[in-house]
Amino acid sequence: MSPYPYDLPSVAVFSSQSKAAEDGYLRNIRAFLCQSQDLFPLKQSLKNLPSIWSFLSTRDPDLAALSHAPPSLQALSDWISTGNSTKISTSSFGIIALPLLTIIQVIQYYQFLRAGKITHVDFIAATRNGAGIQGYCSGLLPSAVVACSANEVELVSNACKAVRLAVGLGAYGDLGARGVPAGPTMMAIRSKYDGQAEEVVESFPEVSAKLPAMFRLDHCLGAHLCHHRSQNCHRSRPPGCHQRVRFSCCSARSENAAGASCWKIARSRQSPNSQ
């Protein structure tokens, strides 16, 4: 019998945002973060974000050209330390926007658990037989944090790693946008067959779809990334996969669509309920 007087959700969806968070909302997010002892490691990780820039820029000298990067990371750190969110709420740089969205959505999930007095374990169990954890576009990282965590302690630990990963991804996004007119840009492609998107990218010699190994999701989250290409891919889970997760860069497609590619995160250790 369920310990909850209501049915738990069968799906969690993490996606991009349509507008920047306002200062008042950022104050609420920061207050919850700073007041929660469980989230202390995440708080400290955010304060220390400026220190990772030397690690990134020394391994890829091209990143050193991003003069806005150090002050951007300092602005994120200052937001946690002093509460000043002016610089981050008005910035359009990816090196701020992507980590900030990851922070916001992870804390929103944590607030949801606390408000409903729900454990992470019970929530994951409820979604396992439903639509699972869905991650779209910039919501991919927080969805991976939730899906790959066995409990609240792992949730916070993975959130720290995801924020650092978001800094790297945001930096490369900013690097690719140099020389492009200011303002958001987006290109959405609906392919007619599996592999067509890769063919399109390969037709442009100066475009790369690859990232350095240090930014691979499985390296940073300690997860095993499996790529399944079957009609019902969620029915052929690898050993240790206890949770169905779909990631999409642009739009959702049916999991049962013939030939659809489905990205899933499987925890590296065996779960008793994985089959």
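Just so you know, these numbers come straight off a predicted model, no measurement behind them. (Residues numbered from 1 in each chain as written. Predicted model: local features only at pLDDT ≥ 70, side-chain atom pairs only at ≥ 80, totals over all residues. Heavy atoms only, no water.)

(A) Region of the structure containing the overall build of the protein chain. The number of helices and strands found in the protein chain is eleven helices and five strands. In the protein chain, buried positions account for 44% of the 275 residues. When contacts within the protein chain are restricted to residue pairs at least 6 apart in sequence, those whose partners lie at least 24 apart make up 76%. Surface summary for the protein chain: the accessible area is close to 14900 Å², and the carbon and sulfur share equals 54%. (Helix = DSSP H or I, 4+ residues; strand = E, 2+ residues; numbered from the N terminus. Buried < 20%, exposed > 50% of the residue type's maximum accessible area, 1.4 Å probe, protein only. Contact = heavy atoms within 4.5 Å. Areas by Shrake-Rupley, 256 points an atom, 1.4 Å probe, with all protein chains shown as cover.)

(B) Geometry of the environment of P142. Mapping P142 onto the fold places it in helix α8 (residues 140-147). The sequence separation of P142 and A166 amounts to 24 residues, and the corresponding C-alpha distance is 10.0 Å.

(C) Structural view of the packing of aromatic side chains. Overall, the coordinates contain four aromatic pairs when judged by the stated rule. Geometrically, the ring pair formed by Y109 and F112 is tilted, given 6.5 Å between the ring centres and 35 degrees between the ring planes. Placement of both Y109 and F112 in helix α6 (residues 94-116) is noted, with a separation of three residues, approximately one turn of the helix. When its relative accessible area of 5% is taken as the criterion, Y109 is described as buried. (Phe/Tyr/Trp six-rings, centres within 6.5 Å; stacked < 30°, edge-to-face > 60°.)

(D) Looking closely at the packing of helix α2 (residues 40-47) against helix α9 (residues 152-176). Running from amino to carboxyl end, α2 crosses α9 at an angle of 20 degrees, the nearest separation of the two axes being 8 Å. As far as their axial angle goes, α9 and α2 are roughly parallel. Note on packing geometry: the crossing formed by α2 with α9 is right-handed. Contact with α2, carried on its side by P41, L42, S45 and L46, involves V156, A159, C160, V163 and R164 of α9 and no other residues of that element. Here the residues of the contact of α2 with α9 are counted per class, giving seven nonpolar, one polar and one charged. (Axes fitted to C-alpha atoms, helices over the stretch in contact; angles between N-to-C directions. Parallel < 35°, antiparallel > 145°, perpendicular 65-115°, else oblique. Left-handed = near helix turned anticlockwise from the far one by under 90°. Nonpolar A, V, L, I, M, F, W, Y, C, P; charged D, E, K, R; others polar.)

(E) Expanded view of the pairing of strand β1 (residues 11-14). Of the two faces of β1, the one holding A12 and F14 is buried and the one holding V11 and V13 is not buried anywhere. In terms of strand pairing, β1 meets strand β2 (residues 132-136) through four bridges, oriented parallel. The residue of β2 that forms the bridge with V13 is Q134. (Pairing = 2+ DSSP bridges.)

(F) Representation of α6 within the structure. Taking 1.5 Å per residue, 23 residues should reach 33 Å; α6 reaches 33 Å between its end C-alpha atoms and fits that length. Following α6 by one or two positions, K117 has its phi on the positive side, about 55 degrees. (Expected span 1.5 Å × (residues − 1).)

(G) Geometry of the packing of α2 against helix α4 (residues 69-82). Two elements in contact, α2 and α4, have axes whose closest approach is 8 Å; the angle formed by their N-to-C orientations is 135 degrees. When the interaxial angle is binned, α2 and α4 end up oblique. Between α2, through K43, L46 and K47, and α4, the contact on the second element is made entirely by S77, I80 and S81. Class assignment of the residues belonging to the contact of α2 with α4 gives a composition of two nonpolar, two polar and two charged.

(H) Quick peek at the pattern of salt bridges. Counted by the stated rule, this structure contains one salt bridge. Taking the shortest distance from any N to any O, the salt bridge between D38 and R114 comes out at 3.5 Å. Linking D38 in the loop between α1 (23-35) and α2 with R114 in helix α6, this pair joins segments that are 76 residues apart in sequence. Exposure remark for R114: the relative accessible area of 35% places this residue in the partly exposed category. (Salt bridge = Lys/Arg side-chain N within 4 Å of Asp/Glu carboxyl O.)

(I) Here's a closer look at the environment of L63. With respect to the helices, strands and loops of the structure, L63 is situated in the loop between α3 (53-59) and α4. Here the alpha-carbon distance between L63 and A171, two residues 108 residues apart in the chain, equals 7.3 Å. If near-sequence neighbours (up to four positions away) are discounted, L63 is found in contact with W53, L56, S57, A171, Y172 and L175.

(J) Highlighting unusual backbone geometry. Not every positive phi belongs to a glycine, and K117 is a case in point at roughly 55 degrees. With respect to the helices and strands, K117 occurs in the loop between α6 and α7 (120-128).

(K) Highlighting the confidence of the model for the protein chain. Scored by pLDDT, the protein chain has a mean of 75; 69% of the residues are at 70 or more. At the low end of the mean pLDDT range in the protein chain sits strand β5 (residues 262-266), at 27; at the high end sits α2, at 96. In this model, residues 210-275 is a region of pLDDT below 50 whose contacts with residues beyond four sequence positions or in other chains number 148 contacts. (pLDDT = per-residue confidence, 0-100.)

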